[in-house]
Amino acid sequence: YVQMLSDIPEQGLSEQDALSRRLLLADLRQSLDGAEIEDYLLSINQLFGLHTNVFLTLTQMPARTVEDFENRIARLRAVPAYVDGGIAVLEDAIDAGLVQPGYIGETIAGQIEVQAKPSTQETPLLEAFRNLPDSIAEADRRRLSEQAEAAYENAFQPAWRKLREFIANQYVAAGRQATAATTLPNGKAVYAHLVKRYTTTDRTPDEIHAIGLKEVARI
């Protein structure tokens, strides 16, 4: 992606497109830098991760045609394989010691439990199926709704319960007691990477800390 984007010359782009190109390029390069320290193993937390991606993806998918809704059903049917893949990555994370603190794991397990509970009539994952467009024929509306409910009950919910059990047991048990990023394996490099990503500067953690002390004194 970096190469493909680099091949698009900035010259000739609109101001907005040029800005979008620079931002995406910076984001991709930061992701590559993070891959070297395996920060993808820390890609689950109380805000984002594999347990939120399914919900975010379905929220963003189009919901206009029969094919759109069939694509949604296909995503739900694929959740078990997605969960198995996610668990495999988290097992690698445990082996590498790149895990969140235990209380974060407990929070995630609680979130997943709540996500798995709603009925087919209540889950936000099927909200679009409760508001099918009038342009879709009645027979298709009935078929799509039935298939979506079956995918939710037979694929999503069992997989989500499996994920919850893994997080609540293996992942939490392997969780760190300390919260500082520097307590991770190669923690100083991880922290420096996070400082660069979240400040969008090339300053070191010590330099950022010095700025913080100076600002506190000034305030």
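So, here is what we can say about the structure in this document. Computed from a predicted structure; not experimentally measured. For every chain, the first residue of the written sequence is number 1, and numbering continues from 1 onward in sequence order. Restriction of local features to residues with pLDDT of at least 70 applies here, the model being predicted, together with a cutoff of 80 or more for giving and counting side-chain atom pairs; totals for whole chains, interfaces and linings are based on all residues. Each side-chain value is derived from all of the structure's non-hydrogen atoms; neither hydrogens nor water enter the calculation.

## Section: the packing of aromatic side chains
Part 1 of the reasoning: Note on aromatic pairs: the rings of Phe, Tyr and Trp (six-membered ring only in Trp) are paired at centre separations within 6.5 Å, and the planes decide the class, stacked below 30 degrees, edge-to-face beyond 60, tilted for the rest. Under the definition given, this model contains five aromatic pairs.
Part 2 of the reasoning: Every member of this aromatic cluster is reached through a ring pair, and the members are Phe55, Tyr152, Phe156 and Trp160.

## A short note on helix 2 (residues 15–36)
Part 1 of the reasoning: Strands here mean DSSP runs of E at least two residues long; helices mean DSSP runs of H or I at least four residues long; both are numbered from the N terminus. The span you would expect from a helix comes to 1.5 Å times its residue count less one. With 22 residues, helix 2 extends 32 Å from end C-alpha to end C-alpha; this agrees with the ideal 32 Å at 1.5 Å per step.
Part 2 of the reasoning: Residues Ala18, Arg21, Leu25, Leu28, Gln30 and Gly34 constitute the buried set of helix 2.
Part 3 of the reasoning: Pairs of residues are marked as contacts when any of their non-hydrogen atoms sit within 4.5 Å. Where helix 2 is buried, its residues contact helix 1 (2–6) and helix 8 (187–199).
Part 4 of the reasoning: Just past helix 2, the residue Glu38 takes up positive phi, approximately 60°. Burial classes: relative accessible area under 20% of the type maximum marks a residue as buried, over 50% as exposed, and values in between as partly exposed (1.4 Å probe, protein chains only).

## Looking at the side chain of Arg21
Part 1 of the reasoning: Note that Arg21 resides in helix 2.
Part 2 of the reasoning: Discounting chain neighbours no more than four positions away, the residues touching Arg21 are Leu5, Ser6, Ile8, Pro9, Glu10 and Leu13.

## A few points about the environment of Ser119
Part 1 of the reasoning: With respect to the helices and strands, Ser119 occurs in the loop between helix 6 (102–116) and helix 7 (138–173).
Part 2 of the reasoning: Residue classification places Ser119 among the partly exposed positions, given a relative accessible area of 32%.
Part 3 of the reasoning: Considered as a pair, Ser119 and Ile104 are 15 residues apart in the sequence and their alpha carbons are 27 Å apart.

## Observations concerning the packing of helix 3 (residues 50–60) against helix 5 (residues 79–96)
Helix packing for two helices is described by the angle between their axes and how far apart those axes are.
Part 1 of the reasoning: Orientation is described by lines fitted to C-alpha atoms, with helices fitted over the stretch in contact, and by angles between N-to-C directions that extend from 0 to 180 degrees. Here helix 3 crosses helix 5 at 150°, and the two axes come no closer than 10 Å. Overall, the two elements helix 3 and helix 5 adopt an arrangement that is roughly antiparallel. When you trace helix 3 past helix 5, the crossing you get is right-handed. Judged by residue contacts, Leu50, Asn53 and Val54 of helix 3 engage Val79, Tyr82, Gly86 and Leu90 from helix 5.
Part 2 of the reasoning: Amino acids outside the nonpolar list (Ala, Val, Leu, Ile, Met, Phe, Trp, Tyr, Cys, Pro) and the charged list (Asp, Glu, Lys, Arg) are all regarded as polar, and Gly is one of them. Considered class by class, the residues forming the contact of helix 3 with helix 5 number five nonpolar, two polar and no charged. Throughout, the term roughly parallel applies to angles under 35 degrees, roughly antiparallel to angles over 145, roughly perpendicular to angles from 65 to 115, and oblique to all others. Left-handed describes a crossing whose near helix is turned anticlockwise from the far helix by less than a right angle; the clockwise case is right-handed.

## Looking at unusual backbone geometry
Part 1 of the reasoning: Positive phi values are uncommon outside glycine, yet Asn186 reaches one of about 55°.
Part 2 of the reasoning: You can see Asn186 is positioned in the loop between helix 7 and helix 8.
Part 3 of the reasoning: Classification of Asn186 by relative accessible area gives exposed; the value is 53%.
Part 4 of the reasoning: For Thr200, which is not glycine, the phi torsion reads 55° and is therefore positive.
Part 5 of the reasoning: Checked against the element boundaries, Thr200 lands in the loop between helix 8 and helix 9 (205–218).
Part 6 of the reasoning: Overall, Thr200 belongs to the exposed group, its relative accessible area being 67%.

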